[in-house]
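Geometric and topological summary
Here is what each chain is made of, one letter per residue.
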Amino acid sequence: MGIGELDREAHVPEATSAGAAPRTLAEALRARGDEGLAALLRARPDLLSPVPNDLTQLATRAGTRGSVVRALDRLDRFALQTAEALAVAPDPAPYPVLLALLTGDEGDPEIEAALPGTVALLREQALVWGEDDRLRLVRTARELLAPSPQHPSPTGLGPTVAEATAGMSPGRVQEIIATAGLPATHDPVSAVAALTELFTDRARMGALLDEASPEALSVLDRLVWGPPYGEVTANPAPPVRWLRDRGLLLPVSARTMVLPREVALHLRGGRAHRAPEPVAPVVEVARDYRPQVVDSAAAGQAYATLATVEELLKSWDQGGPQVLRAGGMSVRDLKRTAVALDVTEQLAAFWLELCFGAGLLASDGEADERYAPTPAYDDWLDLPPAERWALLVAPWLTATRTPGLVGGQDAKGRTLAALGPDLDRAPAPEVRHRVLELLATLPPGAAADPGTVLARLRWERPPRGAAQPAPPRAPQAAAGADETPGPAPEAAGDLRSRLARWTLAEAELLGLTGRGALASPARALLNLPLAEAATPTDHGGRVELSVAAGRAATLLAPLLPEAVDHVLLQADLTAVAPGPLRRPLADALAVLADVESKGGATVYRFTPGSVRRALDSGRSASDLHDFLAAHSRTPVPQPLAYLIDDVARRHGHLRIGAASAYVRCDDDTVLGEILADRRSAALGLRRLAPTVLAAQTDPASLLDGLRSMGYAPAAESAEGDVLVTRADAYRTPARTAPVPVPDGPPAPDATLLGAAVKAIRAGDRAATAVRKEPAAPAASAGGLPRTSAAETLATVQAAAMTGTAVWIGYVNAEGAASQRVIAPVRVEGGFVTGYDHTADEVRTYPLHRITGVAELADDQV
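Conventions adopted
- Residues numbered from 1 in each chain as written.
- Predicted model: local features only at pLDDT ≥ 70, side-chain atom pairs only at ≥ 80, totals over all residues.
- Heavy atoms only, no water.
- Helix = DSSP H or I, 4+ residues; strand = E, 2+ residues; numbered from the N terminus.
- Buried < 20%, exposed > 50% of the residue type's maximum accessible area, 1.4 Å probe, protein only.
- Contact = heavy atoms within 4.5 Å.
- Areas by Shrake-Rupley, 256 points an atom, 1.4 Å probe, with all protein chains shown as cover.
- Axes fitted to C-alpha atoms, helices over the stretch in contact; angles between N-to-C directions.
- Parallel < 35°, antiparallel > 145°, perpendicular 65-115°, else oblique.
- Left-handed = near helix turned anticlockwise from the far one by under 90°.
- Nonpolar A, V, L, I, M, F, W, Y, C, P; charged D, E, K, R; others polar.
- Arc of directions from axis to C-beta.
- Pairing = 2+ DSSP bridges.
- Core = buried A, V, L, I, M, F, W, Y, C linked by side-chain atoms within 4.5 Å.
- Salt bridge = Lys/Arg side-chain N within 4 Å of Asp/Glu carboxyl O.
- Phe/Tyr/Trp six-rings, centres within 6.5 Å; stacked < 30°, edge-to-face > 60°.
- Lys NZ or Arg CZ within 6 Å of the ring centre and 35° of its normal.
- Expected span 1.5 Å × (residues − 1).
- Polar contact = N/O pair within 3.5 Å; in protein donor to acceptor, adjacent residues only side chain to side chain.
- pLDDT = per-residue confidence, 0-100.

Structural notes on the overall build of the protein
When helices and strands are counted, the protein shows 35 helices and 25 strands. Looking at the protein as a whole, 48% of its 861 residues qualify as buried. Here the analysis covers contacts within the protein between residues at least 6 apart in sequence; of these, 65% occur between residues at least 24 apart. Element-wise, carbon and sulfur atoms account for 54% of the exposed surface of the protein, whose accessible area totals about 40500 Å².

Written out as structure tokens, the structure is:
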């Protein structure tokens, strides 16, 4: 849109008489009350950044391309269809014309009932203005939605007869009207008008089409719902020639024909859209469950979430994989993580992003940068299970990072890595909230049909342009084809639909839903009314997410399994945990035994390696016997006691320290066996003394090598003491969770809206105030008054004495010029202090920055 066009739509004319129809968008906004302006700013918060000076600037900003595109993208399907119908209607369009374009000749009660509210919505958002007899779509929206060869309209309509014949010779136009049976005219304008009148007259148009052959009608049928363009050869087939000669197809180039809009509307029965959708699709129930079953299933998933997160981060206790140079994890490391968690790579990416979004996982920032748990992870482990769950799902609900994109490609063809950049999608939080809210509209325990959820979301925010017709097909070829082009398919891969599918799957994983139905903790998280068995929340207003998460944790806590403080030892060197173990017991058992299987009951297996790991951590054999006896509901099996004693007896018999490395043993025969073993050749051992061997490798490699040979060496310090080899858990420096990427300006609160409306009103009063005409011209070409310093001083002093308001031109320290209406109260020291009606506050202005002053007209004082 050019500057002149914006000016025509937003220009502030002289004050119109009361009750007169608005001539511009600015006048339409000026006629609104404060509530109407606040509703506009609430629906389109981008207009507030910064706050417009007056209503003229607000109207201009509301007509800019970026703002209009954003507003159109937030319309529901029927509102967008209404705007598209206005884009192909005459400008301005009476309400009955718009209604006819949406209902067609047969009418539609649902459309007739929904249209007034939709027009009011478009008016509220300043996309449509004018009274019902002169509805106008803002110019930028018309340019975006009106059909053109470069941008076909979603309606599938082409140009009007007048637009299609704009470059046609007068003689050719006369030939067309003559062939169509119309009398000759004196000029091409009246000829085009006569042809348009023919195509819009249902009776005459029907009679003309009755003369067409079935093949010609077949060509029209192929083009009627779009695309309206098609290629023809230099010698078209007879059906195409018949249509062309009568103007039913008009040439737009040497090889391209178009179906005029008036002809298409006649063939469509007056409808602009094939299938208007005035009513939102209903979310249907796929299956009903008892609410208790849903909550139990969700609680099981919530517990599994906690177990998975703990398993993942515990495996990275000593540091995780390295960070790629471009950021994120490598594909190989992601595969290793998926194997360790026994999940798919896509699920592994989800768990990684969940931990990252909750601030439990980050990069350490070192030169050899790698991922590791953050200090917040240790604090998280100390919390009760329900609170830990709440600290995971609350950030997920507001996160813009989208793990479903991992493995795909960005705009430059680069693979998107887990934990890497470019995974933020601003609509993600809104889609997650909306999906869960739609599930909440069903009765408790009802699982929604995912297809109807996606259909509802596509109706509420249709992907603009996704329903455009298919690429053009040649009319001549279409006349002989067997298939008929169906309606344009819905964009199956649009972002919001993919986000919705991922949300449904992730909500089930996290325990927000159970068996596809929304659980009670999720209702509390969304601050929605709960099921009958739950404690109702105050739904009078939105609460902070942290408060809602606390309520959700309170509801989840009694549904989670109780932590147990015992295990059941088996004779086959296993221990069965009949439920989730308490934290100290779980940590100690994880050192002493290896997890063999997980589920409702976790099975641990004792091996020589796991017992040696416990001894390396500083425990003695007696400590292990006492630990097992204290926490087992069954007697300690004899094979397990023998295993502990046998490993302990050999543990530390060999001592390894740092020379490069050495082996020390009081039994020189053991050292002789090691030297004689061919497997020790790679260690580079040689005897220094009867009880000491030196090695050419480091102590850690020497430990591993001897353990692989079946020995149980222990590391020792420089003082000869046995080292506890369990290192402290590696943690990153303090890290904050990633901040979501905002989807445009935030929604303004009531305080900001009130202040903005007040400022815009004040600025508009100043801009439209009527000034007295001075004897000599006081205003420059730019509109600011120009008076001498003496005249300025005398005028403001007189205004201060009489208490009247004046109009001033003012240039601030940055050189920006503005005009203001002030009521001076004091003039002294080179400054004038007065009440600024534009800013609605008392201000002080230097006199030397006032370009001039003028008195207001009597009716403005």
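Considering the packing of helix H22 (residues 428-440) against helix H23 (residues 450-460)
Axis separation between H22 and H23 bottoms out at 11 Å; the angle between their running directions is 125°. Between H22 and H23, the crossing angle belongs to the class labelled oblique. The handedness of the crossing between H22 and H23 comes out as right-handed. Here Arg 434, Val 435, Leu 438 and Leu 439 of H22 lie close against H23, whose contacting residues are Val 453, Arg 456, Leu 457 and Glu 460. Split into classes, the residues belonging to the contact of H22 with H23 amount to five nonpolar, no polar and three charged.

Side note on helix H15 (residues 238-245)
When we look at burial in H15, the residues that qualify are Pro 239, Val 240, Trp 242 and Leu 243. On an axial view of H15, the arc spanned by its buried residues comes to 160°, and they lie on one face.

Digging into the packing of helix H11 (residues 170-179) against helix H12 (residues 188-200)
Where H11 meets H12, the axes come as close as 10 Å, and the angle between the chain directions of the two elements is 30°. The angle between H11 and H12 places the two elements in the roughly parallel class. Relative to H12, the crossing made by H11 is left-handed. Taken together, the residues of H12 that come into contact with H11 (itself represented by Pro 170, Val 173, Gln 174, Ile 176 and Ile 177) are Pro 188, Ala 191, Val 192 and Leu 195. Its residues assigned to classes, the contact of H11 with H12 comprises eight nonpolar, one polar and no charged.

Considerations on the pairing of strand E21 (residues 806-811)
For E21, the tally of buried residues reaches five of six residues, placing the bulk of the element in the interior. In sequence, E21 turns back onto strand E22 (residues 817-828) through a hairpin of five residues, with Gly 815 there showing a positive phi of about 90°.

Some words on the sheet that holds E21
Ordered in space as E24-E23-E22-E21-E25, the five strands form an open sheet in which the pairing is antiparallel. Of all strands in the sheet, those bounded by a partner on one side alone are strand E24 (841-846) and strand E25 (850-855). In this sheet, neighbouring strand axes are inclined to one another by 45° on average, regardless of whether the strands run parallel or antiparallel. Direction of pairing for E21 relative to E25: antiparallel, over a ladder of five bridges. Within the sheet, the bridge partner assigned to Trp 807 lies in E25 and is Ala 854.

Some thoughts on the nonpolar core
Grouped together as the largest cluster of nonpolar side chains are 92 residues, with contacts concentrated most on Leu 41, Leu 58, Phe 199 and Leu 248. Excluding its chain neighbours within four sequence positions, the residues that come into contact with Leu 58 are Leu 29, Leu 37, Leu 40, Leu 41, Leu 47, Pro 52 and Ile 760. Of all hydrophobic cores here, the second largest spans 71 residues; its members include Met 329, Leu 416, Leu 419 and Leu 442.

Considerations on the pattern of salt bridges
Two side chains bearing opposite charge may form a pair once their charged atoms approach each other closely. What the rule picks out here adds up to 30 salt bridges. Two residues, Asp 368 and Arg 370, come together in a salt bridge whose shortest N-O distance is 3.8 Å. Note on Asp 368: relative accessible area 43%, which makes it partly exposed. On the basis of relative accessibility, which here comes to 25%, the residue Arg 370 falls in the partly exposed class. In this structure, the salt-bridge partner of Glu 430 is Arg 496, at a minimum N-O distance of 3.8 Å.

Comments concerning unusual backbone geometry
In the segment running from Asp 91 into Pro 92, the intervening peptide bond is cis, with an omega of 0°. In this fold, Pro 92 is placed in the loop between helix H6 (77-88) and helix H7 (95-103). Of note, the amide linkage connecting Gly 226 to Pro 227 takes the cis form, showing an omega dihedral of 0°. Turning to its location among the elements, Pro 227 is positioned in the loop between helix H14 (214-223) and strand E3 (229-231). In this model, Leu 573 sits at a positive phi of 65°, which is unusual for a non-glycine residue.

Comments concerning the packing of aromatic side chains
Within this structure, the stated rule accounts for three aromatic pairs. Ring geometry for Tyr 810 versus Tyr 845: centroids 4.7 Å apart, planes at 65°, classification edge-to-face. Of the two residues, Tyr 810 sits in strand E21 while Tyr 845 sits in strand E24, which places them 35 residues apart along the sequence. Considered together, Tyr 810 and Tyr 845 belong to a single accessibility category, that of buried residues. Above the face of the Trp 380 ring, Arg 388 is positioned so that its terminal group lies 5.4 Å from the ring centre.

Details of helix H25 (residues 495-510)
Between its first and last C-alpha, H25 extends 22 Å over 16 residues, near the 22 Å set by a 1.5 Å rise per residue. All buried positions along H25 are accounted for by Arg 496, Ser 497, Leu 499, Ala 500, Thr 503, Glu 506, Ala 507 and Leu 510. Where H25 is buried, its residues contact helix H17 (291-315), helix H19 (345-357), helix H21 (385-398), H22, H23 and strand E10 (513-514). Backbone geometry just downstream of H25 places Gly 511 in the positive-phi region, at approximately 90°.

Details of the sheet that holds strand E4 (residues 250-251)
Taken together, the three strands give an open sheet; going across it, the order is E3-E5-E4, and neighbouring strands pair in antiparallel fashion. Two strands bound the open sheet, and with one partner strand each, they are E3 and E4. Here two bridges tie E4 to strand E5 (residues 256-258), and the two strands are oriented antiparallel to one another. Looking across to E5, one finds that Pro 251 is bridged to Met 257.

Points about the pairing of strand E13 (residues 574-577)
On any regular strand, side chains alternate: one points to one face of the sheet, the next to the other face. Taking every second residue as pointing to the same face, both faces of E13 are buried, with Thr 574 and Val 576 on one and Ala 575 and Ala 577 on the other. In textbook terms, the turn of a hairpin is the stretch between consecutive antiparallel strands, and for strand E12 (residues 568-569) and E13 this stretch comprises four residues, one of which, Leu 573, has a positive phi near 65°. Where E13 and strand E15 (residues 602-605) come together, four bridges link them in antiparallel fashion. By the bridge assignment, Thr 574 is partnered in E15 with Arg 605.

Quick look at the environment of Leu 615
For Leu 615, the location among the structural elements is in helix H29 (residues 608-616). Separated by 36 residues in the primary sequence, Leu 615 and His 651 place their C-alpha atoms 7.7 Å from one another. Among all residues touching Leu 615, those that are not within four sequence positions of it are Ser 620, Ala 621, Leu 624, Val 647, Ala 648 and His 651.

Looking at the environment of Thr 787
Within the secondary structure, Thr 787 is located in the loop between helix H34 (750-768) and helix H35 (789-802). Exposure remark for Thr 787: the relative accessible area of 21% places this residue in the partly exposed category. Here the side chain of Thr 787 touches Thr 792 through a polar contact of 2.7 Å, side chain to side chain. At 3.3 Å, the side chain of Thr 787 and the backbone nitrogen of Val 853 are in polar contact.

Some remarks on the confidence of the model for the protein
Of all residues in the protein, 88% attain a pLDDT of 70 or more, and the chain-wide mean is 84. Long-range and interchain partners of residues 466-493, a stretch whose pLDDT sits below 50, account for 58 contacts in this model, where long-range means more than four residues apart.

Points about the environment of Val 636
In this fold, Val 636 is placed in the loop between helix H30 (621-631) and helix H31 (638-650). Distance in space between the C-alpha atoms of Val 636 and Ala 571 is 8.4 Å, their sequence separation being 65 residues. Residues within four places of Val 636 in sequence aside, it is in contact with Leu 569, Leu 628, Ala 629 and Ala 641.

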